[in-house]
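Tertiary structure, described
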Amino acid sequence: MAFFNQRKYPISIFLATLWLASIWLHNSQAASPSVQASPYSINPSDDEEKAEYTTFLPIISIPKADNVMGMQMQPLSESGGLNQLAETKTSWVGGIPVHWADVEAVRGVYDWSIPDANAPRWVEASSKGFNILGNIRTTPTWAQLYPGYFCGPMQAQYFDEFAEFVYQVVSRYSVPPYNVKYWEIWNEPDVDHNLSGPQIHFGCWGDPNDPFYGGGYFAEMLKIIYPAVKRANPEAKVLVGGLALDCSPDKENRSCVSAKYFEGILRYGGGDYFDGVNFHSYDYFSYTWGAPYEDNLGKYHNNTNWNSQWNVNGPVLIEKANYLKS
């Protein structure tokens, strides 16, 4: 799930106002022949008075809203069901990450063989009209803050080199025929690396010793890479990697510093360096098959870490979205 930074998408009110004003002015003059000419206008000649004029107004188009539904597919291809997905009018697809650890395993040497081998799937999805969500993650050995952890962050001294890598990715794949315009930076960065294995490809920027769980460090990285993305393609969008949001910060009898991660991004000035926020909902299906109906009441979809319940306050999607917006 994602929501977008509305500050960066102003509506073209000016053009709409100009259009309406032009229509009003035209109708007013046609209905009121006695309107006095402006003292600053040039008096038309007889020939000019007989001439016919055509007024060209601004063209205002309102694009059809995309279906909000999306699917992460493995594989992202026709064999994986892409044609069937297109029939559902679903608008978004994801499922192909670009790993920094693969492309620049040797510092300063780029090997695009792995992402290039996957890129035809983007071409396929783009040709069917899907919006594609790309994902950039994993840190090569030479840049790792936590040695041995591909899922973790890079050392701050390598932020610039990561930005150069991101620039190359966006330059390469945000243009036709790939057309990947939305780039998620990492996946569940709000996870402590100690809670995941060294070779896991999600997480793990979380710092349990920081009051904002390392969100400030992520913000410092965003400040460096965001201009690089826009330089590569001004139309490309940067999304905060899907947050796990394991539990609510006011969860009773449990410390949940990890929920402060996004607040840390904002407090450290990262708010101007992303276009949208991804987060993962994680509702759990707790129905017990074969149990009496009464025993399953209220147990269908819930997430006790967020005190959400399907028949009380709805899916945890609502709780997490409201929390992030706050």
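Preceding block: the structure.
Report follows, based on the coordinates. Predicted model only: the values in this text are computed from it and were never measured.

1. A word on the overall build of the protein
When helices and strands are counted, the protein shows ten helices and ten strands. The buried share of the protein, reckoned over its 326 residues, is 40%. The contacts in the protein between residues at least 6 apart in sequence include a share of 68% that link residues at least 24 apart. Of the accessible surface of the protein, which amounts to about 18,600 Å², a share of 56% is contributed by carbon and sulfur atoms.

2. Topic: the packing of aromatic side chains
Tallied over the full model, the rule gives 22 aromatic pairs. The interplanar angle of 25 degrees and the centroid separation of 6.0 Å between the aromatic rings of W100 and F165 together place this pair among those described as stacked. Separated by 65 residues along the polypeptide, W100 in helix α4 (residues 100-103) and F165 in helix α6 (residues 159-173) bring together distant segments of the chain. Summarising the burial analysis for this pair, W100 and F165 share the class buried. Residues W186 and W205 carry aromatic rings whose centres are separated by 5.4 Å and whose planes lie at 85 degrees to one another, so their mutual orientation is edge-to-face. Here W205 lies in the loop between β5 (182-187) and α7 (215-232) and W186 lies in strand β5, a separation of 19 residues in the sequence. Accessibility classification places W186 together with W205 in one group, the buried group.

3. Some words on the nonpolar core
Formed by 57 residues in total, the largest nonpolar core has its most connected members in W122, M154, F162, F165, W183, F218 and M221. Beyond its immediate chain neighbours, meaning those up to four positions away, F162 contacts W100, I136, M154, I185, W186, M221 and I225.

4. Remarks on α6
Helix length check: α6 (15 residues) gives 21 Å between terminal C-alpha atoms against 21 Å at 1.5 Å per residue, within 8%. Packed against the buried residues of α6 are β3 (92-99), α4, α5 (113-127), β4 (131-137), β5 and α7.

5. Here we look at the packing of α6 against α7
Orientation of α6 relative to α7, taken along the N-to-C sense of each, is 35 degrees, at an axis distance of 8 Å. Of the two possible hands of crossing, α6 and α7 adopt the one that is right-handed. Here F159, D160, F162, A163, V166, Y167, V170 and S171 of α6 lie close against α7, whose contacting residues are Y217, E220, M221, I224, I225, A228, V229, R231 and A232. Grouping the constituent residues of the contact of α6 with α7 by class yields 13 nonpolar, one polar and three charged.

6. Some points on the state of the cysteines
Going through the model one piece at a time under the given rule, you end up with two disulfides. Paired through a disulfide, C151 and C204 show a sulfur-sulfur distance of 1.9 Å. Disulfide C151 to C204: torsion about the S-S bond roughly 70 degrees, handedness right-handed. Note that C151 is positioned in the loop between β4 and α6 and C204 in the loop between β5 and α7, a separation of 53 residues in sequence. A residue is classified by how much of its surface remains accessible, and C204, at 0% relative accessible area, is buried. In this model, C247 is linked to C256 through a disulfide, with the two sulfur atoms separated by 1.9 Å.

Analysis parameters
Residues numbered from 1 in each chain as written. Predicted model: local features only at pLDDT ≥ 70, side-chain atom pairs only at ≥ 80, totals over all residues. Heavy atoms only, no water. Helix = DSSP H or I, 4+ residues; strand = E, 2+ residues; numbered from the N terminus. Buried < 20%, exposed > 50% of the residue type's maximum accessible area, 1.4 Å probe, protein only. Contact = heavy atoms within 4.5 Å. Areas by Shrake-Rupley, 256 points an atom, 1.4 Å probe, with all protein chains shown as cover. Phe/Tyr/Trp six-rings, centres within 6.5 Å; stacked < 30°, edge-to-face > 60°. Core = buried A, V, L, I, M, F, W, Y, C linked by side-chain atoms within 4.5 Å. Expected span 1.5 Å × (residues − 1). Axes fitted to C-alpha atoms, helices over the stretch in contact; angles between N-to-C directions. Left-handed = near helix turned anticlockwise from the far one by under 90°. Nonpolar A, V, L, I, M, F, W, Y, C, P; charged D, E, K, R; others polar. Disulfide = S-S within 2.5 Å.

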